[in-house]
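Listed below are the residues making up each chain.
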Amino acid sequence: MILLKIAVFLKQVPDTDEVRMDEKTGTLIREGVGTVINPLDQNALELALSLRAAKGGSVTVVSMGPTQAELALREALALGADEAVLLCDRAFAGSDTWATARTLAAAVRKTGPYDLLLAGAKATDGETGQVGPETAAMMGLPFVSNVCAVEIRAEGLVASRSVEDGTERTRAPLPCLLTVVHEINEPSMPTLAGKMRARRAPVHVLSAADLGLNPEECGLAGSPTRVVRIAFPKVTRSGLRFSGNELDRGIALVAERLDSMGLLGQKRPARSVDSARSPEAVRPIRPIELAWEEAFKNDPGGGVLVCGECRNGSIHPSTLELAGKARELADSRDSSVTVVLPFGHLDDDPDRCIRHGADRVLAVCHPALSLYNPDVESRLFAALIRRLRPEIVLAAATTSGRTTLPAVAALVDTGLTADCTGLSIDPENGDLLQTRPAIGGNVLATIRTPSRRPQMATVRPRTFRLPPEDPSRRGEVYRLTPPERFLLSPLVPLGRETRQEEGTPIQDAEVVVSGGKGLKRPDGFRLVEELAAVLDGAVGASRPTVEAKWIGYPHQVGLSGKVVTPRVYIAVGISGAIQHLAGMQTSEFIVAINRDPEAGIFRVADIGLVGDLFDIVPRMAGAIKARKEAQR
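Residues numbered from 1 in each chain as written. Predicted model: local features only at pLDDT ≥ 70, side-chain atom pairs only at ≥ 80, totals over all residues. Heavy atoms only, no water.

**Considerations on the pattern of salt bridges**
Applicable threshold: Any Lys or Arg side-chain nitrogen located within 4 Å of an Asp or Glu carboxyl oxygen qualifies as a salt bridge. Under the DSSP-based scheme used, a helix requires at least four consecutive residues in state H or I and a strand at least two consecutive residues in state E, with every element numbered from the N terminus. Buried residues are those whose accessible area, probed at 1.4 Å on protein chains only, stays under 20% of the maximum for their type, while exposed residues exceed 50% and partly exposed ones sit between those limits.
Following the criterion strictly, the structure yields 35 salt bridges and no others. Its salt-bridge partner being Arg311, residue Asp508 comes within 3.2 Å of it at the nearest N-O pair. Note that Asp508 is positioned in the loop between strand 29 (492-498) and strand 30 (511-515) and Arg311 in strand 18 (residues 310-311), a separation of 197 residues in sequence. Between Arg448 and Asp431 there is a salt bridge, with the nearest N and O atoms lying 3.1 Å from each other. Residue Arg448 is located in strand 26 (residues 443-448), and its partner Asp431 is located in the loop between strand 24 (422-425) and strand 25 (432-438); the two are separated by 17 residues in the primary sequence. The exposure class assigned to Asp431 is buried, which follows from its relative accessible area of 5%. A single salt-bridge network, built from bridges that share partners, covers Asp348, Asp349, Arg352, Arg355 and Glu469.

**So, the nonpolar core**
Nonpolar side chains in soluble globular proteins tend to end up buried together. Note the threshold: Nonpolar core, defined: a set of buried Ala, Val, Leu, Ile, Met, Phe, Trp, Tyr and Cys residues in which side-chain atoms within 4.5 Å join the residues together. Contact definition: two residues touch when any of their heavy atoms are within 4.5 Å.
Membership of the largest hydrophobic core comes to 39 residues, with the highest contact counts inside it found for Ile570, Leu609 and Met620. Those elements giving two or more residues to this core turn out to be helix 6 (247-260), strand 30, helix 12 (525-534), strand 31 (538-541), strand 32 (568-572), strand 33 (589-594), strand 34 (607-610) and helix 15 (613-630). When residues no more than four places from it in sequence are discounted, the contact partners of Ile570 are Val512, Val513, Ser514, Leu531, Leu535, Val591, Ile593 and Met620.

**Let's talk about the pairing of strand 21 (residues 360-365)**
Using the following cut-off: A pair of strands counts as paired when DSSP detects no fewer than two bridges linking them.
The element strand 21 is extensively covered by neighbouring structure, given that six of its six residues are classed as buried. Bridge count for strand 20 (residues 337-343) against strand 21 is six bridges, and the pairing is parallel. Counterpart to Leu341 in the pairing with strand 21 is Ala363. Direction of pairing for strand 21 relative to strand 28 (residues 476-480): parallel, over a ladder of five bridges. Residue pairing in the sheet places Val364 in a bridge with Leu480 of strand 28.

**Let's talk about the sheet that holds strand 11 (residues 166-172)**
As a reminder of what qualifies: Structural elements are reduced to axes, namely lines fitted to C-alpha atoms, with helices fitted over the stretch in contact, and the angle between N-to-C directions of any two is expressed from 0 to 180 degrees.
Spatially, ten strands are ordered 13-7-6-1-8-12-9-10-11-29 in an open sheet, and the strand pairing comes out mixed. Strands with a single pairing partner mark the edges of an open sheet, and in this sheet they are strand 13 (204-206) and strand 29. This sheet shows a mean twist of 30° between the axes of neighbouring strands, independent of strand direction. Bridge count for strand 6 (residues 57-64) against strand 7 (residues 83-87) is five bridges, and the pairing is parallel. Of the residues in strand 7, the one forming a bridge with Thr60 is Glu83. Lying on the sheet, helix 4 (residues 131-139) is in contact with strand 1 (4-10), strand 8 (116-120), strand 9 (143-153) and strand 12 (176-180); it crosses strand 12 at an angle near 175°.

**Observations concerning the domain arrangement of the protein**
We apply this condition: Domain delimitation follows an automatic or database domain assignment. Summed over both partners, buried area is the accessible surface (1.4 Å probe) that two parts give up on being assembled. Whenever a nitrogen or oxygen atom comes within 3.5 Å of another N or O atom, the pair is scored as a polar contact, on the condition that within protein one atom can donate a hydrogen and the other can accept it, and that pairs from neighbouring residues in sequence are kept only if both atoms are in side chains. Following the grouping adopted for this structure description, the nonpolar residues are Ala, Val, Leu, Ile, Met, Phe, Trp, Tyr, Cys and Pro, the charged ones are Asp, Glu, Lys and Arg, and the polar ones are all others, Gly among them.
Taken domain by domain, the protein consists of domain 1 (4-223), domain 2 (240-268 + 500-631) and domain 3 (288-496). One C-alpha centre belongs to domain 1, the other to domain 3; they are set 29 Å apart. Residue-level contacts link 36 residues of domain 1 with 31 residues of domain 3. The junction of domain 1 with domain 3 conceals about 2800 Å² of combined surface from both sides, 51% of it contributed by carbon and sulfur atoms. Inspection of the domain 1/domain 3 interface yields one salt bridge. The partner of Glu168 in a salt bridge is Arg496, and the shortest N-O contact between them spans 2.5 Å. Counting across the interface, domain 1 meets domain 3 through ten residue pairs in polar contact (both at pLDDT 80 or more). Looking at the side of domain 1 that touches domain 3, the elements that each hand over two or more residues are helix 3 (97-111), helix 4, strand 9, strand 10 (156-163) and strand 11. Considered class by class, the residues forming the side of domain 1 that touches domain 3 number 13 nonpolar, twelve polar and eleven charged.

**Section: the packing of aromatic side chains**
Selection criterion: Put simply, two rings from Phe, Tyr or Trp (the six-membered ring, in Trp's case) pair if the centres are within 6.5 Å, and we call them stacked under 30 degrees between planes, edge-to-face over 60, tilted for the rest. Put simply, a charge is over a ring when the Lys NZ or the Arg CZ is close to the ring centre, within 6 Å, and near the line of the ring normal, within 35 degrees.
What the rule picks out here adds up to one aromatic pair. Measuring from ring centre to ring centre gives 5.3 Å for Trp292 and Phe486, while their planes differ by 55°; the resulting arrangement is tilted. With a gap of 194 residues between them, Trp292 in the loop between strand 16 (288-290) and strand 17 (304-307) and Phe486 in helix 11 (residues 484-487) connect regions that are remote in the sequence. With relative accessibility at 10%, the residue Phe486 sits in the buried group. The ring centre of Tyr114 lies 5.2 Å from the NZ or CZ of Lys5, which sits over that ring. Its guanidinium or amino end placed over the ring of Trp98, Arg452 lies 4.5 Å from that ring's centre, counting from NZ or CZ.

**Looking at the sheet that holds strand 15 (residues 240-243)**
Each strand in a sheet pairs with another by means of backbone hydrogen bonds, the pair being arranged parallel or else antiparallel. An order of 15-34-33-32-30-31 is seen for the six strands of this open sheet, with the pairing classed as parallel. Strand pairing shows two members of the sheet lacking a second neighbour, strand 15 and strand 31, which therefore form its edges. The mean angle between the axes of side-by-side strands here comes to 20°, regardless of whether they run parallel or antiparallel. Summarising the sheet, strand 33 and strand 34 pair through four bridges and their orientation is parallel. Paired with Val591 across the strands is Ile607, a residue of strand 34. Helix 6 contacts strand 15, strand 32, strand 33 and strand 34 of the sheet and is inclined by roughly 145° relative to strand 34.

Here it is in structure tokens:
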């Protein structure tokens, strides 16, 4: 029998089901709100307990926080954990994710060694997904994120990783770190015997001194990033509501708006505007073959570097969006933009990055990069960052970007702000101001990295609209082949399976139509699917419908599901819990359909249709079909 010594990172978070909003002030009502173990950390604990049952060994739970965090640890002990460790010190207060990861890494060294480290892929209060990869990188451990299945083998383990359109399988040695998602299991409830045992069990408390950490380098003092401003989002939605005899007018306005957004015309392939230009309009840029260590021509240093992403031989649209935003930031600093594209093969044109704003493209190509490997990509990006010395590094907050960039930040010893929805340059000191939603999306935190470089951020896809291409822009495209030492990795990608479902994954879709418990039964989703089909959109869902098994987890929108930023979000029979609103309220245009005129979903909607969804949705689908037919 394999005996596994497992550590699970737990975080105590506010119960999002209890959090309410004060409609007058726009602030969260915190009084009476309980705390719980972060939901995905519960999945991590359940995995640890099941592995111990199957293979033998022990489970230690580790949490960092004030004394009340002991409640979460005792709940974990009641569920079956063997030991509990609380990292508690005033010096830890104010830690960003980098400082948190550094403290957790020290705790693992102090209380370990462990064969396996587990954590939830993200926490509902911060939603960054950074701590796990940062901790692994600081410890030099291989890691796999977003794990939805695990198989322990004699030589290590095989992890299945949930990505936008399916799953990826990776073989990893032990020890390693995994972050897990909801699909991996269903957390258990504690037994009475477990609760009794947990009351008597010791909780080991460790301070900064116990961990060998200098208190002056922990917490806020040791955090590379600083929150410099908190603001409440201004409600900019039109908030129009229609009911009764006015419903037809509301439906007509929805169809009119969709038409004006160009979403009701003939479906076009998702390609750049290059395809509409004549071959003579765009002169190809001849790539420069460059040895890995060879110097770049006219290398100015500094500037903005975009960590690009390629999928299935194509440049992901988020890379081009970031190239445009990077151009804007670089122009305000009179600097340059470099886009790095790692790939195994590329059927796309890297010149597109130039036409969208880049000055230089580094096409890092090798067959070994065909399958995603966070260990390899993080080391590649870190090496290029050290070499090019950019002031700013950006990446998309895709599944891969949210995995790779935290590890890169740890490797280059700087901070990272996740899931940004705004970026600008402070005119006073030139720092990057990074704005991201926080506390369920109900406040906007502006963050800077004052004393370390580069300044790093991941950005939600579709946050910045794809700028028009400029065929006259010229730049340099370099082709680099990384040396074998970068490609050697303890992680072995085994393959990728695309989910056998029609349509676009909800994170990539321009239109998402989501259903809630107002659909009343599982087959109610047929209405949602039909409306989504009319709009060439994807089907989303609220957490209660997923928990009721009406639809699969890949469709779940919200803090414990997927965060989406489509051009259009249509909520059908969804009440509007805060954890759901946080996953969709940055959509460009929101339509809400609900019988209850007081439903919270109307607070973030541009157009609200109050009434029976079983009547409204077919009428809306018919109106949209008619408008599309009229254009043919």
